[in-house]
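Spelled out, the chains give:
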Number of protein chains: 2
Amino acid sequence: MPQRQFIPAGTGLGLQLRRGQHLRVIDPEGGQSGDLVAFSQAGDERLSNGRSVDYAGKVYLSTGDVLWSDRSKRMLTIVADDAGRHDFLYAPCSVEMYRMQYGMTGSPPNCHDNLSSALRQVGITPDALMTPFNLFMNVQVLPDGRLEFLPPKSRAGDAIVFRAEMDLAVAVTSCPCANCNGGAPPKPLAVEIVDDWAKP
Amino acid sequence: MPQRQFIPAGTGLGLQLRRGQHLRVIDPEGGQSGDLVAFSQAGDERLSNGRSVDYAGKVYLSTGDVLWSDRSKRMLTIVADDAGRHDFLYAPCSVEMYRMQYGMTGSPPNCHDNLSSALRQVGITPDALMTPFNLFMNVQVLPDGRLEFLPPKSRAGDAIVFRAEMDLAVAVTSCPCANCNGGAPPKPLAVEIVDDWAKP
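Computed from a predicted model, the values in this text were never measured in an experiment.

Caption draft 1: Quick peek at the overall build of chain A. Per the secondary structure count, chain A includes three helices and twelve strands. Its C-alpha atoms give chain A a radius of gyration of 15 Å, near enough to 16 Å, the size a compact globule of 200 residues would have. Along the three orthogonal principal directions, the C-alpha set of chain A runs to about 45 × 35 × 35 Å. Looking at chain A as a whole, 62% of its 200 residues qualify as buried. For chain A, the share of sequence-separated contacts (at least 6 apart) that also reach a separation of at least 24 residues comes to 76%. Of the roughly 7,700 Å² of accessible surface on chain A, a fraction of 47% belongs to carbon and sulfur atoms. If the 19 positive side-chain charges of chain A are averaged to one point and the 22 negative ones to another, these points end up 2 Å apart.

Caption draft 2: Up close: the sheet that holds strand β3 (residues 22-27) of chain B. Residue and element names in this part refer to chain B. What the six strands build is an open sheet, ordered β1-β12-β3-β10-β6-β5; its pairing is antiparallel. Both edges of this open sheet fall to β1 (4-7) and β5 (66-68), since each of them pairs with a single strand only. Here the strands of the sheet are splayed against their neighbours by 25° on average, with no regard to which way each runs. In terms of strand pairing, β1 meets strand β12 (residues 189-194) through four bridges, oriented antiparallel.

Caption draft 3: Spatial organisation of the relation of the copies chain B and chain A. After a rotation of 180° and a shift along the axis of 0.0 Å, chain B superposes on chain A with an RMSD of 0.0 Å. Such a combination of turn and shift is consistent with a two-fold rotation axis. Mapped onto chain A, 100% of the interface residues of chain B are again interface residues, and the two copies thus contact each other with one and the same surface.

Caption draft 4: Structural detail: the confidence of the model for chain A. Overall, the predicted model of chain A reaches an average pLDDT of 91, with 100% of residues at or above 70. The ipTM assigned to the predicted complex is 0.83, against a pTM of 0.88.

Caption draft 5: Fine view of the interface of chain B and chain A. Taken together, the contact pairs 36 residues of chain B with 36 residues of chain A. Carbon and sulfur atoms make up 54% of the surface buried where chain B meets chain A, a total of about 2,900 Å² over both sides. On inspection of chain B and its partner chain A, the count reaches 16 residue pairs in polar contact (both at pLDDT 80 or more). Elements represented by at least two residues in the side of chain B that touches chain A include exactly α1 (49-56), α2 (95-102) and β8 (138-141) of chain B. In terms of residues, the side of chain B that touches chain A owes the most to one element, α1 of chain B, which gives six residues. Across the side of chain B that touches chain A, the residue classes break down as 16 nonpolar, ten polar and ten charged.

Caption draft 6: Structural context of the environment of Gln32 of chain B. Residues and elements named next belong to chain B. Among the structural elements, Gln32 can be located in the loop between β3 and β4 (34-40). Taking the relative accessible area as the measure of exposure, Gln32 reaches 0% and is therefore buried. Along the backbone, Gln32 and Ala9 are 23 residues apart, and their C-alpha atoms lie at a distance of 9.1 Å. A polar side-chain atom of Gln32 sits 2.9 Å from the main-chain amide nitrogen of Lys187.

Caption draft 7: Region of the structure containing the sheet that holds strand β11 (residues 168-174) of chain A. All names here are of chain A. Spatial strand order, β2-β11-β4-β7: four strands in an open sheet with antiparallel pairing. The sheet is open, and its two edges are formed by β2 (12-17) and β7 (133-135), each paired on a single side. Here the average twist between neighbouring strands, direction ignored, is 25°. On top of the sheet, helix α3 (residues 111-121) reaches β2, β4 (34-40) and β11; it is set at about 145° to β11, its chief contact.

Caption draft 8: Spotlight on α2 of chain B. Val95, Met97 and Tyr98 of chain B are the residues of α2 of chain B that are buried. Along the axis of α2 of chain B, the buried residues cluster in a sector spanning 165°; they form a single face. Here the buried face of α2 of chain B lies against α1 (49-56) of chain A together with α3 (111-120) of chain B. Immediately beyond the C-terminal end of α2 of chain B, within one or two residues, lies Gly103 of chain B, with a positive phi of roughly 65°.

Caption draft 9: Quick peek at unusual backbone geometry. Residue and element names in this part refer to chain B. Its identity is not glycine, yet Ser72 carries a phi of approximately 60°, on the positive side. Judged by relative accessible area, Ser72 falls into the buried class, the value being 8%. A positive phi angle is found at Phe136, which is not glycine, with a value near 65°. Along the chain, Phe136 falls in the loop between β7 (133-135) and β8. Since its relative accessible area comes to 0%, Phe136 is described here as buried.

Caption draft 10: How the structure looks around the side chain of Asp65 of chain A. All names here are of chain A. Mapped onto the fold, Asp65 is located in the loop between α1 and β5 (66-68). Take Asp65: its relative accessible area is 12%, and that puts it in the buried class. Side-chain polar atoms of Asp65 contact the side chain of Lys58, separated by 3.1 Å.

Caption draft 11: Just α3 of chain B, in detail. Residues and elements named next belong to chain B. The buried fraction of α3 is high, at seven of ten residues. For α3, the complete set of buried residues consists of Cys111, His112, Asn114, Leu115, Ser116, Ala118 and Leu119. For α3, the side-chain oxygen to backbone nitrogen distance between the N-cap and His112 is 3.3 Å, and the N-cap itself is Asn110.

Caption draft 12: Focus on the state of the cysteines. Residue and element names in this part refer to chain B. Going through the model one piece at a time under the given rule, you end up with zero disulfides over all chains. Cysteine Cys93 remains unbridged, with the sulfur of Cys111 as its closest cysteine sulfur at 3.9 Å. Using a relative accessible area of 6% as the deciding quantity, one classes Cys93 as buried. Not engaged in a disulfide, the cysteine Cys177 finds its nearest cysteine sulfur in Cys180; these two sulfurs lie 4.2 Å apart.

Rules and cut-offs
Residues numbered from 1 in each chain as written. Chains lettered and ligands numbered in written order. Predicted model: local features only at pLDDT ≥ 70, side-chain atom pairs only at ≥ 80, totals over all residues. Heavy atoms only, no water. Helix = DSSP H or I, 4+ residues; strand = E, 2+ residues; numbered from the N terminus. Rg over C-alpha atoms; globule rule 2.2 N^0.38 Å. Buried < 20%, exposed > 50% of the residue type's maximum accessible area, 1.4 Å probe, protein only. Contact = heavy atoms within 4.5 Å. Areas by Shrake-Rupley, 256 points an atom, 1.4 Å probe, with all protein chains shown as cover. Lys, Arg positive; Asp, Glu negative; His and termini not counted. Charge placed at Lys NZ, Arg CZ, Asp CG, Glu CD. Pairing = 2+ DSSP bridges. Axes fitted to C-alpha atoms, helices over the stretch in contact; angles between N-to-C directions. Least-squares fit on C-alpha atoms with pLDDT ≥ 70 in both. pLDDT = per-residue confidence, 0-100. Buried area = accessible area lost by both parts, 1.4 Å probe. Polar contact = N/O pair within 3.5 Å; in protein donor to acceptor, adjacent residues only side chain to side chain. Nonpolar A, V, L, I, M, F, W, Y, C, P; charged D, E, K, R; others polar. Arc of directions from axis to C-beta. Disulfide = S-S within 2.5 Å.

This is how it looks when you write it as structure tokens:
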């Protein structure tokens, strides 16, 4: 059985994946969103939402779709997906975002800093981050282009599984922003690295 | 009268803007798309589609909307926009894209390399690029998330005007990809830097 690591509510975790390994991200309680970013282990290739939506021809990615790097290399393939809806449009929440959009002061917990700190755990010196793949985050693009936040579709125990297509440094957070979590306080996520994953 | 610089079909141009100056991008013949990327003049802040769609709450940006940096600073405000539709989802076309999606060999002209070369003209050492603001490019997000290319809405002489909110290094291309130009071969774009722009 693969070891399960928990990502406490509103925090982040750094992971290293070898090509061919699988990363399973689980929403143990349901309705929780998170952010995922990926770098090549050398740090010179970064996840790219622009490449990924171009090559998929769509903004909602799920089973069979690929997350591409900014150098047009395959990084992660989604091989299973219970919830079926994630976002690839929004920047990670950040101190500046909470200040501007919610009037919060000080340094509220936020995915940008949690991703940065998690990336240091896996040898990546973080700079301002790319747009992450926002796990379980449910954003609908309305016909006029406005973006509507809906509660995540993930139910307790739902997971998404990625196959690493290159050696990767990855960071995953549980997002602290209530707006992304159906209005609820943040809950933990969990991850497993699976050497031999077989579709159930 | 501001000086008009032409961007020949399928090429790029680098520009420096001082805070408060206006950049006017014109589609002289109509139906031509282009890419725009922006960096702070020091090169340490980059245009971010994730920040911009987050703060706008929508994917189609037009008059009154702001292009934000990855450090949550205002870079460019759209102060006028004849065509009213541009894309902020697609990565720039690249050698790899033409190879994978069109089976082209060799090194076809492409916006990624044209943007990189244009950025060198304004002191930015290019790395793999962020998702650009795709001028006049008309991509509709369908209800199921699929992306549909439509011809640009720009007619001959249509323009979009940006106010620089910080000192900027900017690159603008005329996109060589027929798919982005209603199936037509690429045409030139033109730019003007305007010190005192007044809405006509």
